[in-house]
Amino acid sequence: MRAVPATAVKQPHTLTRRDALLGAVCCCCSPLWLRAATSSAETIDTEEIAPGIHVRRGLHEDATARNAGAIANIGFIIGSEAVAVIDPGGSLVDGERLRRRIRALTSRPIRFVLMTHVHPDHVFGAGAFLADEPAFVGHARLTHALSARGEYYRARLEELLGPGRAGPVVQPTMLVEARAQLDLGDRTVDVVAHPIAHTDNDLTALDLETRTLFASDLLFVERVPSLDGSLKGWLRELDRLTELDARTTVPGHGPTTVDLAAAVGSLKRYLETLLRETRKAITDGVQIEEAPELVGTAERTHWTLFDEYHGRNVTHAFKELEWE
Amino acid sequence: MGMRHTSSRRVRGLIAAALMSTLALTSSARADDDAQREARWAQLKQAIFADRSIEDGTGVLDLQAPPRALDAALVPLAVTTSGKKPIEKIYLIIDNNPGPLAGTFTFGEAADPSVLKVRMRVNTYTDIHAVAEDRDGTLYSVQKFVKAAGGCSAPAGSNDPDALKDLGQMKLRLSSDIALGQPLQAQLMIRHPNFNGMQMDQITRHYTPAHFIKSIDVTFEDKRVLHIESDIALSTDPVITFAFVPHRNGQLKVVVNDSKDNRFERTFDVTATSQLSRTR
């Protein structure tokens with residue numbers, strides 16, 4: 001199916017409790033957007049990894065005031081008619097900087113902003129693109145995930161970054177159930193909505209012209225993965241990624257481009273270790289609070305931020321596997 | 001000794017009303033300041049236990065909780081009792097949760113109150129109190145401070161459309177060595193979303209109505225083991241570990257009642273030194 005223009009996919013407006021809540025958020029932030037959270041000179045460095053495809057490498061850190069949430073790999077694709085942003089960034093500040101970088105390279109309309117999943121390091125820059133009136137493209141389940149967590153994430157991010165710098169919760173206006181194609185003029189971006197994997201609302205995007213894959217957080221490189229969906233589901237979707245015949249791959253975290261097979265191999269080793277050792281712990285009668293110290297510890301040397309996230313991954317895996 | 005079914009439900013209503021005003025303050029200001037925490041506990045003590053005095057529980061019971069939660073929607077808590085006092089009931093209070101009284105656990109004649117483990121949702125940085133009541137009605141309290149955030153508003157797996165598929169399904173895991181007349185540890189798992197009314201439905205754009213487990217009763221043959229009154233703080237798919245003393249081969253029966261008046265019942269065979277469902 002061809003993507004319809006943003007205005008045509010916007011959902012009919014009715015005033016609900018949710019709108020009222022989001023409205024309240026917007027009221028307190030909008031004066032700040034008008035004068036922008038960042039100065040007009042601030043921008044970011046991107047690398048042109050394939051013709052017309054630019055990627056900014058995220059830091060292997062947690063979000064802080066200093067890094068303004070710029071911790072995920074984000075980028076954009078310039079077509080002859082339009083631009084698609086693939087993840088607007090980790091905060092309003094990050095998003096504004098990304099938008100300035102785009103505007104330094106092209107004046108073509110930003111028609112699509114892909115939000116690859118609910119996590120704040122990928123989507124909170126969306127507020128910087130509201131004036132462009134793009135289609136905010138998300139997984140069919142993203143709406144629910146953002147409803148449940150968006151305001152909580154926003155409040156936490158604002159605590160870290162300072163007033164007006166986090167950005168608003170922006171809901172997707174174009175939902176992808178299984179697959180969608182985004183028309184940028186001379187090139188097309190193929191978007192896949194995955195079944196539960198890293199989260200339950202993961203999108204990946206493939207530029208058909210150059211066969212460049214934005215794998216987002218289905219692919220972690222160097223930085224320890226964070227499991228927030230299904231361990232078994234993620235392993236299944238990794239197998240699907242390798243069948244996509246991608247020439248260049250952009251992971252959600254790590255270098256701007258990686259070898260897909262090698263990156264999938266390392267991630268599968270981590271996830272399979274988690275699966276095998278968590279299952280064994282459950283069979284051995286290990287309790288959920290004891291498992292993080294016992295499971296997957298040999299992986300520690302392979303990943304940055306291991307101690308910050310691995311324990312939570314084990315807990316998540318335990319909860320998924322104890323019902324087997 | 002009898003199981004005291006005190007009117008915790010009514011008490012919870014009173015607490016909710018009394019604390020509504022202070023909640024907004026404490027949750028936004030992160031009640032991590034000592035004076036504030038003590039004031040909060042004083043208020044809760046009054047609401048739950050009225051004027052009853054509460055003794056320092058050190059040596060009588062112990063509460064294990066992670067200083068920093070790995071997952072706020074699933075914070076493992078363990079209460080152990082030393083056997084110094086004949087404990088009949090344990091109250092778990094998560095001071096800064098929207099519903100602070102997370103659960104009451106009343107032990108029956110076949111129970112071994114030495115161990116109790118649960119998984120709770122924790123909404124913000126908070127003190128957690130475990131209060132034990134002995135046969136004479138004396139109260140003993142211990143506490144732990146837990147750093148966690150978002151456990152009530154952002155539960156893991158809340159998006160799962162299959163959340164209700166296996167509603168009420170149960171699993172029981174018993175220690176491998178089962179000896180009659182000896183304490184036996186049991187881990188009870190219950191499939192239940194325990195919706196707390198703070199998650200929105202994507203289709204209707206309304207908040208998913210609260211749907212949670214209100215009570216769990218465990219008996220072994222004709223003897224009572226455990227009566228639990230719980231509420232929204234129990235994690236999704238709750239897992240509860242307790243101990244009991246099987247006096248003969250027989251059946252452990254579990255009855256779960258939820259807030260939509262569903263009743264789920266399961267029985268599990270307990271046979272001496274069987275390989276029924278091995279854990280340790």
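Up top is the structure these notes are about.
Residues numbered from 1 in each chain as written. Chains lettered and ligands numbered in written order. Predicted model: local features only at pLDDT ≥ 70, side-chain atom pairs only at ≥ 80, totals over all residues. Heavy atoms only, no water.

**Student:** Lay out the packing of helix α7 (residues 260-283) of chain A against helix α9 (residues 306-321) of chain A in plain terms, naming residues and giving numbers.
**Tutor:** Residue and element names in this part refer to chain A. Two elements in contact, α7 and α9, have axes separated by 9 Å at closest approach and are oriented at 55 degrees. In this view, α7 runs oblique relative to α9, as classed from their interaxial angle. The way α7 lies across α9 gives a crossing that is right-handed. Counted together, Tyr-270, Leu-274, Leu-275, Thr-278, Arg-279 and Ile-282 of α7 and Phe-306, His-310, Asn-313, Val-314, Ala-317, Phe-318 and Leu-321 of α9 form the full contact between these two elements. Partitioned by chemical class, the residues of the contact of α7 with α9 number 9 nonpolar, 3 polar and 1 charged. (Axes fitted to C-alpha atoms, helices over the stretch in contact; angles between N-to-C directions. Helix = DSSP H or I, 4+ residues; strand = E, 2+ residues; numbered from the N terminus. Parallel < 35°, antiparallel > 145°, perpendicular 65-115°, else oblique. Left-handed = near helix turned anticlockwise from the far one by under 90°. Contact = heavy atoms within 4.5 Å. Nonpolar A, V, L, I, M, F, W, Y, C, P; charged D, E, K, R; others polar.)

**Student:** Could you give me a rundown of unusual backbone geometry, with the residues and numbers involved?
**Tutor:** You will see that Leu-305 of chain A, though not glycine, has its phi angle at about 60 degrees, which is positive. Within the element layout of this structure, Leu-305 of chain A appears in the loop between α8 (291-294) and α9. Although it is not a glycine, Asp-261 of chain B adopts a positive phi angle of roughly 60 degrees. The residue Asp-261 of chain B is located in the loop between β14 (250-258) and β15 (263-270) in this model.

**Student:** If you had to explain helix α3 (residues 92-105) of chain A to someone new, which residues and values would you point to?
**Tutor:** Taking 1.5 Å of rise per residue, the 14 residues of α3 of chain A would be expected to cover 20 Å, and the 20 Å separating its terminal C-alpha atoms lies within 8% of that figure. Leu-92, Val-93, Asp-94, Gly-95, Glu-96, Arg-97, Leu-98 and Ile-102 of chain A are the residues of α3 of chain A that are buried. (Expected span 1.5 Å × (residues − 1). Buried < 20%, exposed > 50% of the residue type's maximum accessible area, 1.4 Å probe, protein only.)

**Student:** Summarise the pattern of salt bridges; cite the residues concerned and give the values.
**Tutor:** A pair can form between side chains of opposite charge whenever their charged atoms are brought close. A full pass over the atoms with the stated rule returns 30 salt bridges over all chains. Where Arg-312 of chain A meets Asp-71 of chain B, a salt bridge forms, and the shortest distance between an N and an O atom there is 3.7 Å. One end of the pair, Arg-312 of chain A, is in helix α9; the other, Asp-71 of chain B, is in the loop between β2 (61-64) and β3 (75-81), on a second chain. Of the charged contacts in the structure, one is a salt bridge between Asp-237 of chain B and Arg-191 of chain B, with a shortest N-O distance of 2.8 Å. With a gap of 46 residues between them, Asp-237 of chain B in the loop between β12 (223-230) and β13 (239-244) and Arg-191 of chain B in the loop between β10 (184-190) and β11 (213-220) connect regions that are remote in the sequence. Overall, Arg-191 of chain B belongs to the partly exposed group, its relative accessible area being 22%. (Salt bridge = Lys/Arg side-chain N within 4 Å of Asp/Glu carboxyl O.)

**Student:** Go over the pairing of strand β1 (residues 47-50) of chain A, please, and point to the residues and values.
**Tutor:** All names here are of chain A. With 3 bridges connecting them, β1 and strand β2 (residues 53-56) associate as antiparallel partners. Note on β2: the bridge partner recorded for Glu-47 is Val-55. Here β1 folds back onto β2 in antiparallel fashion, the turn holding 2 residues, of which Gly-52 has a positive phi close to 80 degrees. (Pairing = 2+ DSSP bridges.)

**Student:** Can you tell me about the packing of aromatic side chains, naming the residues and giving the values?
**Tutor:** For the structure shown, the criterion picks out 7 aromatic pairs over all chains. With a centroid separation of 6.4 Å and 40 degrees between ring planes, the pair formed by Phe-242 of chain B and Phe-244 of chain B is classed as tilted. Here Phe-242 of chain B and Phe-244 of chain B have matching classes, each one buried. Stacked on the ring of Phe-145 of chain B, the Lys or Arg Arg-37 of chain B has its end atom at 4.3 Å from the ring centre. For the cation-ring pair, Arg-191 of chain B lies above Trp-323 of chain A, with the distance from its terminal atom to the ring centre recorded as 4.3 Å. (Phe/Tyr/Trp six-rings, centres within 6.5 Å; stacked < 30°, edge-to-face > 60°. Lys NZ or Arg CZ within 6 Å of the ring centre and 35° of its normal.)

**Student:** An account of the layout of surface pockets is needed here, citing residue identities and associated values.
**Tutor:** Residues and elements named next belong to chain A. If you add up the space inside the largest pocket, you get close to 1,400 Å³. The wall of the largest pocket is formed by 42 residues, among which Tyr-152, Tyr-153, Arg-156, Tyr-309 and Arg-312 lie closest to the centre. Elements that contribute at least two residues to the lining of the largest pocket include exactly α4 (120-123), α5 (142-161), β11 (212-220) and α9. The leading source of residues in the lining of the largest pocket is α5, at 7 residues. Here the residues of the lining of the largest pocket are counted per class, giving 20 nonpolar, 9 polar and 13 charged. (1 Å grid on protein atoms, 1.4 Å probe; cavity = no way out; pocket = protein on both sides within 12 Å on 5 of 7 lines; lining within 4 Å. Points joined across faces, edges and corners; volume = space filled by probe spheres on them.)

Remember, this is a structural readout, not a statement about activity or role.
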